[in-house]
Amino acid sequence: MRFVVIGITDDPSPWFPPEMMEIIKHGKVFSGGKRHHEIVAPFLPADVEWIDITAPLDTVFEQYHDEVIVFASGDPLFFGFANTIKRKMPEAEIVLYPTFNSLQMLAHRLVLPYHDMRIVSLTGRPWPEFDKALIEGAEKIGILTDKEHTPAAIAQRMLEYGYSKYTMHVGEHLGNPTLEKVTTLTPEEAARSEFSMPNCVILDGKAIEHTKPFGIADCEFSLLDGREKMITKMPIRLLTLQALDLPKKHVLWDIGFCTGSVSIETRLQFPHLHIEAFEIRHECEGIINENARRFGAPGISVHIGDFLETDITTLPRPDAVFIGGHGGKLKDIITKVLTVLADNGIIVMNSVKAPKVLTDSHQLWDEVCAELGLKQEPPTKIILNENHPIEILKCKK
């Protein structure tokens, strides 16, 4: 198979150089989106075959044969169809004729240097990469949108989690001399506005001081019934993250999150992680959501209900698990975790050495690890202020 992929803009009257016109003139099989077909139809030879690019893509590729001339938006290698061809048909020959992508064009209209711009595609994709860019304090973010992730929806998410000081630039119908429009506005203004498709966004936060604490003070969290003991204290929290070896991990499960302090601290310090947080108490859902908004930590997936009754089969497999509470069912919880825990995955739990506590959680931990064949590492012991000693317990699958 041979593909000739030609990038075009939203200009309804495009100009093609002689070399491209010669290719189009002799083409027999063409493909692209419906909007692309409308734009290039006047240039196509009579009686040619046109294959619409629509979902499912497997059906589209089954129709391709011989040489196909594909029209795509902008640079076909920039989150574009050439990447799809390389993935679906790695042996195919590809010849490219790119043009500027939409974010380049928006930067050109703004006379805004874009060599340092962080690129995020929300076209048919969920929020995590955008959330990561915000948490990491990217000063300039270029965003490809879709009908769900509109500029208004993007602005609303930013406002919900406190990222309100960016300037938003929205480009609509870039390349179309009649419909093209570039608007600069605040997230508050964008959240109340409507924009026509196609569009893209550049966020400029160059003037913002992007700082985040290394360890959130305990007093800043909303607590369960105001109970200070129902939160993993900040120094313990940071040592817990260290024990979980999170820089090398991909998915963290926080079981018994209560206030959400461990999940939120993790999200801010390691925004590359996917976090699933579990809690049996329904009132904690509002608490973790409030704290996540307060500290600018979007993207934590929250599950309310008994962990042992929760369907975990569709969730991302964890390679790090923190057990913040077990209600006396530690063996059952770890047994269930082991059905999905990745090889060499880590489980961490904190044990309080309190004299009035009837059940020794460290002893229970030892018994469970021995019974389930888990390899323990030496615990970390710490005394914080006047509190009882705490041991950070760690084992591997």
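In case you missed it, the structure is sitting above this.
(A) Summary view of the environment of Cys284. Looking at the element boundaries, Cys284 is found in helix α11 (residues 283-295). On the accessibility criterion, Cys284 (0% relative accessible area) is buried. Taking the C-alpha atoms as reference points, Cys284 and Leu372, separated by 88 residues in sequence, lie 31 Å from one another.

(B) View of the nonpolar core. Counting residues in hydrophobic clusters, the biggest one holds 55 residues, and the most contacted among them are Phe130, Ile141, Met158, Met168, Leu203 and Ile264. A total of five residues in this core trace back to one element, the largest contributor, which is α11. Beyond its immediate stretch of four places on either side in the chain, Met168 contacts Pro151, Ile154, Ala155, Met158, Thr183, Thr184, Leu185, Pro187, Ala190, Val201, Ile202 and Leu203. Within the second largest apolar cluster, 24 residues are counted, among which are Phe278, Leu338, Leu341 and Trp365.

(C) Inspection of the packing of aromatic side chains at higher detail. Tallied over the entire structure, the rule returns 14 aromatic pairs. Taken together, a centroid distance of 5.8 Å and an interplanar angle of 50° make the contact between Trp127 and Phe130 tilted. The same class applies to Trp127 as to Phe130, namely buried. Consider the rings of Trp253 and Phe307, whose centres lie 6.3 Å apart with planes at 75°: the pair is edge-to-face. A residue pair is termed long-range when its members are at least 10 positions apart, and Trp253 in strand β11 (residues 251-255) and Phe307 in the loop between β13 (300-304) and β14 (320-323) qualify at 54 residues. Here Phe307 falls in the buried class, since its relative accessible area comes to 6%. Each residue in the set Phe16, Phe30, Phe43, Trp50 and Phe71 is aromatic and connected to the rest through ring pairs, giving one cluster. The ring of Phe307 has Lys336 sitting right over it, with the charged end atom 5.2 Å from the ring centre.

(D) The sheet that holds strand β6 (residues 118-121), seen in detail. Ordered in space as β6-β7-β10-β8-β9, the five strands form an open sheet in which the pairing is mixed. Taken across any chain shown, the strands that pair with only one partner, and hence form the sheet edges, are β6 and β9 (181-185). Going from strand to strand, the sheet's axes swing by 20° on average, the running direction of each strand aside. Relative to strand β8 (residues 167-172), helix α7 (residues 151-160) is tilted by about 165°, and along the sheet it contacts β7 (140-144), β8 and β10 (199-204).

(E) Highlighting the packing of helix α9 (residues 234-243) against helix α10 (residues 261-269). Where α9 meets α10, the closest approach of the two axes is 10 Å, and the angle between their N-to-C directions is 65°. Seen from above, α9 lies across α10 with right-handed handedness. Every residue of α10 that contacts α9 at Arg237, Leu238 and Leu241 is listed here: Ser261, Val262, Glu265 and Thr266. Tallied by class, residues from the contact of α9 with α10 come to three nonpolar, two polar and two charged.

The rules behind the values
- Residues numbered from 1 in each chain as written.
- Predicted model: local features only at pLDDT ≥ 70, side-chain atom pairs only at ≥ 80, totals over all residues.
- Heavy atoms only, no water.
- Helix = DSSP H or I, 4+ residues; strand = E, 2+ residues; numbered from the N terminus.
- Buried < 20%, exposed > 50% of the residue type's maximum accessible area, 1.4 Å probe, protein only.
- Core = buried A, V, L, I, M, F, W, Y, C linked by side-chain atoms within 4.5 Å.
- Contact = heavy atoms within 4.5 Å.
- Phe/Tyr/Trp six-rings, centres within 6.5 Å; stacked < 30°, edge-to-face > 60°.
- Lys NZ or Arg CZ within 6 Å of the ring centre and 35° of its normal.
- Pairing = 2+ DSSP bridges.
- Axes fitted to C-alpha atoms, helices over the stretch in contact; angles between N-to-C directions.
- Left-handed = near helix turned anticlockwise from the far one by under 90°.
- Nonpolar A, V, L, I, M, F, W, Y, C, P; charged D, E, K, R; others polar.

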